[in-house]
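Analysis of the macromolecular model
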Amino acid sequence: MSDQVVRFSVSLDPMLLEQFDGRIRAQGYTNRSEAIRDLIRESLIQQEWDDAAATVAGTVSLVYDHHELELPRRLTEIQHDHHDLIISTVHVHLDHHNCLEVLVLKGEAARVRMLGEHLVSTRGIKHGKLTFTTTGAGLQ
Ligand code: NI
């Protein structure tokens, strides 16, 4: 991150600004600049993911009942098939039935997205979510 800052002005409808200020206040932002920086970063991260060959990072969270007969085996198989994209996994036994598994993924956007979507859509998963983030390289 460079020490320089650029100030620029934005023209917009006062009602729109009021709505935006209300929204960012509720989110805990103390100033507009930080909220706008985050929106810009979000947009740039989206662009990274749209570039199939870009290196991205992401997480997948999966909640499932481990008593589902074939499911744990199927999930393990999928993960072994894509071990090069999986940096780390955490498995938490939430209660007698339910497991929460979180996978940290890094690699080519197209492959990471495909793996994440494959895991999330695996039959028997109660809730699955792929979260898109960045390696941070190239992002200020
Ligand atoms: Ni478990």
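Read on for an overview of the structure. (Residues numbered from 1 in each chain as written. Predicted model: local features only at pLDDT ≥ 70, side-chain atom pairs only at ≥ 80, totals over all residues. Heavy atoms only, no water.)

In this section: the packing of helix α3 (residues 71–81) against helix α4 (residues 109–120). Interhelical geometry of α3 versus α4 gives an angle of 175 degrees and a closest axis separation of 11 Å. By the angle between their directions, the pair α3 and α4 is classed as roughly antiparallel. Here α3 contributes Leu75, Ile78 and Gln79 to the contact with α4, which in turn contributes Leu115, His118 and Leu119. By residue class, the composition of the contact of α3 with α4 is 4 nonpolar, 2 polar and no charged. (Axes fitted to C-alpha atoms, helices over the stretch in contact; angles between N-to-C directions. Helix = DSSP H or I, 4+ residues; strand = E, 2+ residues; numbered from the N terminus. Parallel < 35°, antiparallel > 145°, perpendicular 65-115°, else oblique. Contact = heavy atoms within 4.5 Å. Nonpolar A, V, L, I, M, F, W, Y, C, P; charged D, E, K, R; others polar.)

A few words now on the side chain of asparagine 98. Locating asparagine 98 in the fold gives a position in strand β3 (residues 98–108). At 2.7 Å, the side chain of asparagine 98 and the side chain of lysine 126 are in polar contact. Filtering out sequence-adjacent residues up to four positions away, asparagine 98 remains in contact with Tyr64, Asp65, Val92, His93 and Lys126. (Polar contact = N/O pair within 3.5 Å; in protein donor to acceptor, adjacent residues only side chain to side chain.)

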